[in-house]
Amino acid sequence: SVPKNIDLMALPQLCFPGGLQVTSEQKEEQFHFLVFTDILGNKTHGVVMQCYRPILEGMSLYRNSRGSSKCPKLFCAYSICVISKHPYFTALKDCLSCLLIQLRTCRLSDMEERVKEFAAKLTLVPIPPPGQLHLMFTIRPLTIILPSREDKDHPVIDLDLHLPFLCFRPQQLLQVLSCLLQEQRVVLFSADWARLTLMAESLLLFLQPLLWQHPYVPVLAKGMLDFLMAPTAFLMGCHLSHFADVSAETDDLILINIDNGSLSTSTFDTVNLPDIPPVAAHCFTQRCKLLRIHFDLDQCHHASCTDISEQRAQRRTWQRSLNNDIQRIALELIVNIFRDVSSHLNYEHRVFHSEEFLKTREPAEQLFYKKVLETHIFHSFLKDRLNRNMDSFARMELSTRSEIEDKIIDKENLSNLPSSPLCFLSLPAPSTTPKPIKVFKLPDFPASLSFHSVQSYYIELIQQLGKAIFSVQSENSAMLARYYYLRGLINTLCSRRLDALSDFQNLNKTDTAIFPTSLVTWLIDSLQRDERQQAQRRPELKRLILKVDNEKPLVEPDDHVKKFQLPCKPLYQEEFMRCVQECRIVRDVATIQRLFDALTDSQPKQVDPELFRVFYTFWKEMEAEAQDVNLPSDVIDRLDNNECVYKLSSCVKTSHGVGKIAMTQKRLFLLTEGRPGFLEITKFRDIQEVKITSVPFLLVRIPSLRIQTSSRPEVFEANLKTETELWNLVIKEMWAGRKMADQHKDPQYMTQALTNVLLIDAVTGCLQNQRSITAAAKLAYFNKIRQEVPMIVPKTTSETLKHKINPSLDLAEPQTVHVLLYTPGQLTGTGKVGDMNPKLWVALSGGKVVVFDAASWSMLQDCIQLGQSQLNCMIGLVQEQVWIGSQDSVIYIIDTHSMSSNKQLTEHRHEVTGLAVDATFFPSLLTYSCSRDGMILQWDSSSLKVKRQFLLSCDYLSSIQIHNSALWCCEYTLSPLSPSFKQCF
């Protein structure tokens, strides 16, 4: 059978890219690799073996005028192409190499039969599921390994990723990657057809998780060179002999000669494109120096291998470790380039603020980012960020976030590089060890490929998988899931549908990430009537069928990405709220409501688009002014770290001389005129009174502001004139916010007060009328609370409370906190992989979980979505997992490293109300869960198997606890409603 969407018309050309040749000498066999891409971007891969066989087997005679003579022997090329949906370049090359041994000794008439037999054997080999399970099979004389994908978001990697490092220096490699990121028309050249695809595939893997969106033909046959005239971006490859013709006939191409490691354009000898930002590039080049890319050099201290299988195994282990290092270096480069993108995303409205992002880049980097931000490859990357995909980029960005915040760049080593928030430098890089893998050996292929022999082969494979399942069921749930997947797949091939469903039901409990939903749905739909009746009598299959039947069709994710644009029509309240959230001025619904009331003061309840434009302009100008305030160095030394000037008055007369009043998030100070100086007026927490007065000047009285503080005996007074009312409002709001923050031990009150002040400033600036201060006063929320409600915190609370955090900070409206869990860790990292900071897990409404770093109280993960129901209980298992019980009767298991939930336990029939863990026999852990109907389950934490279960007769079982090796249960009796406790066992 031929895979769909393969253009068979082009296949002969690609199998003989240099043309079909007849030679008088037998040439060596050659391999090259193909990639086919359909119009939807789906790839299919091919490995081609080209060998030469004599056209005439034996000799013949012909007569001429001189008598008879022997006919010269001629050789013609034959190609065999193996096509696969997965890029198994090395494995399929090994398979074809084994076939080659057979073809060398067989007659030409037998060749087709040998190839058919070879192809039929390959179809018996299943594809391993994502994870750490590889498959092994034998085609004499080689043992071949079929690697799995690392996870469902990664492609299979079955090639040597260090090949580009053998052909290019790191600086040249960065140029190539820069061309691809900017979506140029790139052509690879080599005298070896095999290098083209391997190089192209490696380069695209270095860009992961960014995906190439344009035409991709790594091997262009001789008759396909007109493809290079395409006006769009592309990545193609052709033979080095066409270099001069391509360069002369086509403009604006990036020409990359793999064989001599050079880059040029079809117009110039050098590539004149913006470079990758220097800090990210420097980090990449330093990492590359640490790579050990020469196998013989790396293994010269080992004894020589006397067995080819052992030698190949050594090479595979070395290559896998090197590939892992290269992938991490390449991923780190992408993270360093795009780390700050998430800070300029509005997830709720799917808006990317490209202009604001560009303003944060260094001037020398802006041209690079301007080009990249307009590309399809970046647009696809944005979709994944807005969809909150927890892919490799998100995991690395999350794992290095705290290190970035604390990183101090060595100025001596990087004296010529601009400081940048993008860099992640921790040289030398820690060596990352690949995850341990397990290899499962398939049975030997049957001698005959009859139906009976194939079925016997599958039965033997099922038996071996059963033994493997039994051997790991109490040790490794991740590996257990992979074995269940494979056995379910083989049972499906054998039409053992009920057994297959049973395997997939067990898989669903251990790893939902690899659960084959479409295959299971097809299996259920194909059940015969008697099979469905049998399934209904088996509780686990009945639950699986019910789950699949009731599961709503997956809604296609919202993939649109918007760039923020100012409105063109009047904004009513709902539209105004959306627009303000899109432009990232503020997210809080209550604050936006107050802003709407301020802008529509004594006007119809709609905001004119011109008024919004003026307001937005004032807001952005204030942000820019705050960043551009140039303070004398001695003034900067008097301020705290991260303290910024957010408001600056005009030059005014004060009781301490002439100068400008400056406001930071912590204090007021005077910048004196003449000889620049610093005079602290007050910290906001020290203010005792602020009031407006007036001072006489000739025949008029000038408005002034008086500030009484506890830090100095005299009153500070400033003749602010027309600015007096605004400064009075601003200072009172910051004062009230400071008092709220101190009393509630919550710094977010001060952050909110500062936001209110900036909004007040922008509103008064855009309204420019007599009622502007009255309208802006509606935004002075904390000052209003201070005047109306006494801000009294009970003494006990004030003495006990150390810190307060807001888990709803990134949400539009406050959410109820249902459960809290603290997981211990290391307060100070020691650099070891196992060290992790303590975390605070917060379960909010609607199945949301927010995670905080309990050392710095910064938010690590803003939202992990676990279903849609309320979460009732949480418990941590060592540092690896967090179990969370939900009202939807599911126990979700979160991996604390990947911050994702791929495991779900569905044995409970009612809402899960309690979790407890018994560590008496540590490291073996027993976990208990209970549901409201009184069902209590005892779990083996490694295999996720139920070891014991029993039903407690009660109205409502609310929680369980382990104490003195006994399990205590708390139940509510519904009449009367009162708790009671029972010791269960």
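Small disclaimer: the values here were computed from a predicted structure and weren't measured.

Looking only at helices and strands, one finds 30 helices and 40 strands in the protein chain. Taking all 985 residues of the protein chain together, the buried fraction comes to 50%. The contacts of the protein chain with a sequence gap of at least 6 include a subset with a gap of at least 24, amounting to 58%. Carbon and sulfur atoms provide 52% of the accessible area of the protein chain, an area that totals close to 48800 Å².

Within the secondary structure, Q743 is located in helix 26 (residues 724-744). The spatial distance from the C-alpha of Q743 to the C-alpha of S798 is 6.6 Å, given a sequence separation of 55 residues.

Moving on, we get to helix 13 (residues 376-386). The element helix 13 is extensively covered by neighbouring structure, given that eight of its 11 residues are classed as buried. Looking at the buried positions of helix 13, the neighbouring elements they touch are helix 5 (170-181), helix 10 (308-338), strand 14 (345-346), strand 15 (351-352), helix 12 (366-373) and helix 14 (392-399). Between the side-chain oxygen of the N-cap and the backbone nitrogen of F378 there are 3.2 Å, and the N-cap of helix 13 in question is T375. Once helix 13 finishes, R388 follows within two positions and takes phi at roughly 55°, a positive value.

An order of 34-35-36-37 is seen for the four strands of this open sheet, with the pairing classed as antiparallel. Strands at the two margins of the open sheet, each flanked by one partner only, are strand 34 (912-918) and strand 37 (945-951). For this sheet, the mean angle separating the axes of adjacent strands, direction not counted, is 20°. Sheet analysis places strand 35 (residues 926-931) next to strand 36 (residues 935-940), joined by five bridges and oriented antiparallel. Directly across from Y928, in strand 36, lies its bridge partner Q938.

To continue, consider the packing of aromatic side chains. Considering all chains together, one arrives at 25 aromatic pairs under this definition. Look at F352 and F357: their rings are 5.9 Å apart centre to centre, the planes differ by 50°, and that puts the pair in the tilted class. What makes F357 buried here is its relative accessible area of 0%. Judged by centre distance (6.3 Å) and plane angle (65°), the ring pair of Y956 and Y972 falls under edge-to-face. Taken together, the residues Y956 in strand 38 (residues 956-963) and Y972 in strand 39 (residues 966-974) connect sequence positions 16 residues apart. Cluster of aromatic residues (ring-pair linked, three or more members): F338, F352, F357, F368, Y369, F378, F381 and F393. When the ring centre of F31 is taken as reference, the NZ or CZ atom of K93 above it lies at 5.8 Å. Stacked on the ring of F295, the Lys or Arg R315 has its end atom at 5.1 Å from the ring centre.

Turning to the sheet that holds strand 17 (residues 562-563), a few remarks are in order. On the basis of which strands lie adjacent, the open sheet formed by three strands has the order 14-15-17 and mixed pairing. Strand pairing shows two members of the sheet lacking a second neighbour, strand 14 and strand 17, which therefore form its edges. As paired strands, strand 15 and strand 17 are joined by two bridges and run parallel to one another. Each residue of the ladder has a partner; that of V351, found in strand 17, is K562.

A few words now on a nonpolar patch on the surface. Where nonpolar side chains cluster on the molecular surface, the patch consists of V22, I55 and L74 and spans about 250 Å² of accessible area. As for its position among the elements, V22 is in strand 1 (residues 22-23).

Structurally, the position occupied by E717 is in strand 25 (residues 716-718). Dropping the residues within four chain positions of it, E717 is found in contact with K653, T654, S655, T693, V695, S704, L705 and R706.

Moving on, we come to the confidence of the model for the protein chain. Of the residues in the protein chain, 89% reach a pLDDT of 70 or more, and the chain-wide mean stands at 85. Across the protein chain, helix 6 (residues 193-206) holds the top mean pLDDT of 96, while strand 4 (residues 61-64) sits lowest at 51. Every residue in residues 408-431 scores below 50 in pLDDT, and together they form 48 contacts with partners more than four places removed in sequence or on other chains. Below pLDDT 50 for its whole length, residues 828-834 participates in three contacts with residues either more than four positions away or in separate chains.

What describes two packed helices is the angle between their axes and the distance between those same axes. Running from N to C, helix 18 (residues 497-510) and helix 19 (residues 517-525) point in directions that differ by 145°, and their axes come no closer than 10 Å. As for the relative orientation of helix 18 and helix 19, their crossing is left-handed in sense. Contacts between helix 18 and helix 19 pair R497, A500, L501 and F504 from the former with L519, V520, L523 and I524 from the latter. Split into classes, the residues belonging to the contact of helix 18 with helix 19 amount to seven nonpolar, no polar and one charged.

Here we take up the nonpolar core. If you look at the biggest cluster of nonpolar residues, it comprises 165 residues, and the most contacted ones within it are F137, I276 and F338. For this core, the element with the highest residue contribution is helix 10, accounting for 11 residues. In contact with F137, not counting residues within four places along its chain, are C95, L122, V125, L142, T143, I144, L146, L442 and F445. Core analysis: the next-biggest nonpolar cluster, separate from the first, contains 65 residues, F612, M734, L754 and A780 among them.

Applying the stated criterion to the full structure yields 36 salt bridges. In this structure, K116 engages E112 in a salt bridge whose closest nitrogen and oxygen atoms are separated by 3.6 Å. One end of the pair, K116, and the other, E112, are both in helix 3 (residues 111-122), four residues apart, so they sit about a helical turn from each other. The salt bridge partner of D192 is R195, with a shortest N-O separation of 3.8 Å. Exposure remark for R195: the relative accessible area of 38% places this residue in the partly exposed category. Through salt bridges with shared partners, one network takes in D640, E643, K666, R667, E680 and K683.

This paragraph deals with helix 5. The end-to-end C-alpha distance of helix 5, which contains 12 residues, comes to 16 Å, matching closely the 16 Å that a straight helix rising 1.5 Å per residue would cover. Of all 12 residues in helix 5, nine are buried; the element is thus mostly enclosed. For helix 5, the set of buried residues is Q172, L173, L174, V176, L177, S178, C179, L180 and L181. At the exit of helix 5 stands E183, carrying a positive phi of roughly 55°.

On to the environment of E689. Relative to the assigned elements, E689 resides in strand 23 (residues 687-697). When its relative accessible area of 39% is taken as the criterion, E689 is described as partly exposed. Along the backbone, E689 and V715 are 26 residues apart, and their C-alpha atoms lie at a distance of 9.6 Å. When residues no more than four places from it in sequence are discounted, the contact partners of E689 are R706, I707, Q708 and W735.

Both faces of strand 12 (residues 254-257) are covered, namely the face carrying I254 and I256 and the face carrying L255 and N257. One ladder, built from four bridges, connects strand 12 with strand 13 (residues 262-265); its direction is antiparallel. Paired with N257 across the strands is S262, a residue of strand 13. With antiparallel pairing between neighbouring strands as the criterion, strand 12 and strand 13 make up a hairpin whose turn holds four residues, including G261 at a positive phi of roughly 65°.

The rules behind each value
Residues numbered from 1 in each chain as written. Predicted model: local features only at pLDDT ≥ 70, side-chain atom pairs only at ≥ 80, totals over all residues. Heavy atoms only, no water. Helix = DSSP H or I, 4+ residues; strand = E, 2+ residues; numbered from the N terminus. Buried < 20%, exposed > 50% of the residue type's maximum accessible area, 1.4 Å probe, protein only. Contact = heavy atoms within 4.5 Å. Areas by Shrake-Rupley, 256 points an atom, 1.4 Å probe, with all protein chains shown as cover. Polar contact = N/O pair within 3.5 Å; in protein donor to acceptor, adjacent residues only side chain to side chain. Pairing = 2+ DSSP bridges. Axes fitted to C-alpha atoms, helices over the stretch in contact; angles between N-to-C directions. Phe/Tyr/Trp six-rings, centres within 6.5 Å; stacked < 30°, edge-to-face > 60°. Lys NZ or Arg CZ within 6 Å of the ring centre and 35° of its normal. Patch = residues over 30% accessible without salt bridge, like charges linked within 9 Å, V, L, I, M, F, W, Y side chains within 5 Å. Salt bridge = Lys/Arg side-chain N within 4 Å of Asp/Glu carboxyl O. pLDDT = per-residue confidence, 0-100. Left-handed = near helix turned anticlockwise from the far one by under 90°. Nonpolar A, V, L, I, M, F, W, Y, C, P; charged D, E, K, R; others polar. Core = buried A, V, L, I, M, F, W, Y, C linked by side-chain atoms within 4.5 Å. Expected span 1.5 Å × (residues − 1).

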